[in-house]
Amino acid sequence: TIIFIFGQFWISIAPMVGVLVAISWSIGCLVAGNVTFNVLSVLVPTITLIIGVADGIHLVSRYKEEIVKDNNIELAMGRTLQQMVVACFLTTFTTGAGFLSLLVAKTTVIQDFGLHSAIAVMIAFCSVIIVVPLWLSYIPAKRITTDSTVNSWEHKLFEWLNIFVHRNAGRT
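Residues numbered from 1 in each chain as written. Predicted model: local features only at pLDDT ≥ 70, side-chain atom pairs only at ≥ 80, totals over all residues. Heavy atoms only, no water.

**Here we look at the overall build of the protein**
Each helix and strand counted, the protein has eight helices and zero strands in total. Reading the helices (α) and strands (β) of the protein from amino to carboxyl end gives α-α-α-α-α-α-α-α. Considering only C-alpha atoms, the protein reaches an extent of 55 × 50 × 25 Å along its principal axes. When each of the 172 residues of the protein is scored for burial, the buried share is 34%. Within the protein, counting contacts between residues at least 6 apart in sequence, those at least 24 apart form 74% of the total. The average position of the 10 basic charges and that of the 9 acidic charges among the side chains of the protein differ by 7 Å. (Helix = DSSP H or I, 4+ residues; strand = E, 2+ residues; numbered from the N terminus. Buried < 20%, exposed > 50% of the residue type's maximum accessible area, 1.4 Å probe, protein only. Contact = heavy atoms within 4.5 Å. Lys, Arg positive; Asp, Glu negative; His and termini not counted. Charge placed at Lys NZ, Arg CZ, Asp CG, Glu CD.)

In structure tokens, the structure reads:
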């Protein structure tokens, strides 16, 4: 799906690489912390995947918008991070805080799940913010900026849908 959205393989796998590192780091930190894994702990990598991919997609989307302005990789990434780090942090932090709220549960299994998930989600944020820009920095700007998007079938489809909806807006 990500490849379909971005239309380019190497850009599309950037969020997945960030998430792969995030899952590795989070499981590694939990193992190093000598935590006790339980039945719900198997969900932690899935949660990490979901949160990490969302943040990664936001970064890649913004980067693609910014690189078009001047084809300067450094400036585009700087603007991207300046605009997206706070937004991604706030969404990830509130998700982590929601998981931490499970610490008030009466069962240890749910408390551990909340703690493990909160740790993994925050590690996912750090991983994506570090790994995705690093991955994108190795992709030349000319491979990211494509003027062919105006002539792509997706663009034509959405243009047609836009015109169709506007023409038929009053017909209900």
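**Some thoughts on the nonpolar core**
Soluble, globular proteins show a tendency: their nonpolar side chains are buried together. Val60, Tyr63, Val132 and Leu136 are the most contacted members of the largest nonpolar core, which has 22 residues in total. Beyond its immediate chain neighbours, meaning those up to four positions away, Val60 contacts Phe6, Ile11, Ala14, Pro15, Val132 and Leu136. By size, the runner-up hydrophobic cluster in this structure holds nine residues, among which are Val44, Ile47, Ile51 and Ala120. (Core = buried A, V, L, I, M, F, W, Y, C linked by side-chain atoms within 4.5 Å.)

**A look at the packing of aromatic side chains**
Applying the stated criterion across every chain, the model contains six aromatic pairs. Consider the rings of Trp10 and Trp135, whose centres lie 6.2 Å apart with planes at 35°: the pair is tilted. Pair noted here: Trp10 is in helix H2 (residues 9-12) and Trp135 is in helix H6 (residues 108-137), with a separation of 125 residues, a long-range link. Taking the relative accessible area as the measure of exposure, Trp10 reaches 46% and is therefore partly exposed. (Phe/Tyr/Trp six-rings, centres within 6.5 Å; stacked < 30°, edge-to-face > 60°.)

**Re a nonpolar patch on the surface**
Taken together, the side chains of Phe4, Ile5, Trp153, Leu157, Phe158, Trp160, Leu161, Phe164 and Val165 make up a nonpolar region of the molecular surface, amounting to roughly 1000 Å² of accessible area. For the nonpolar patch, the secondary structure elements donating two or more residues are helix H1 (2-6) and helix H8 (153-167). Ranked by residues supplied to the nonpolar patch, first place goes to H8 with seven residues. Phe4 sits in the exposed class, given a relative accessible area of 53%. (Patch = residues over 30% accessible without salt bridge, like charges linked within 9 Å, V, L, I, M, F, W, Y side chains within 5 Å. Areas by Shrake-Rupley, 256 points an atom, 1.4 Å probe, with all protein chains shown as cover. Salt bridge = Lys/Arg side-chain N within 4 Å of Asp/Glu carboxyl O.)

**Observations regarding the packing of helix H4 (residues 44-70) against H6**
Following both chains from N to C, one finds H4 and H6 inclined at 30°, their axes separated by 8 Å at the closest point. Here H4 lies roughly parallel to H6, going by the angle between them. Regarding H4 and H6, the two cross each other, and that crossing is right-handed. Along its contact with H4, which presents Val44, Ile47, Thr48, Ile51, Gly52, Asp55, Gly56, Leu59, Val60 and Tyr63, the element H6 presents Phe113, His116, Ser117, Ala120, Val121, Ala124, Phe125, Val128, Ile129, Val132, Pro133 and Leu136. Of the residues assigned to the contact of H4 with H6, the class counts are 16 nonpolar, five polar and one charged. (Axes fitted to C-alpha atoms, helices over the stretch in contact; angles between N-to-C directions. Parallel < 35°, antiparallel > 145°, perpendicular 65-115°, else oblique. Left-handed = near helix turned anticlockwise from the far one by under 90°. Nonpolar A, V, L, I, M, F, W, Y, C, P; charged D, E, K, R; others polar.)

None of this, on its own, says anything about what the molecule does.
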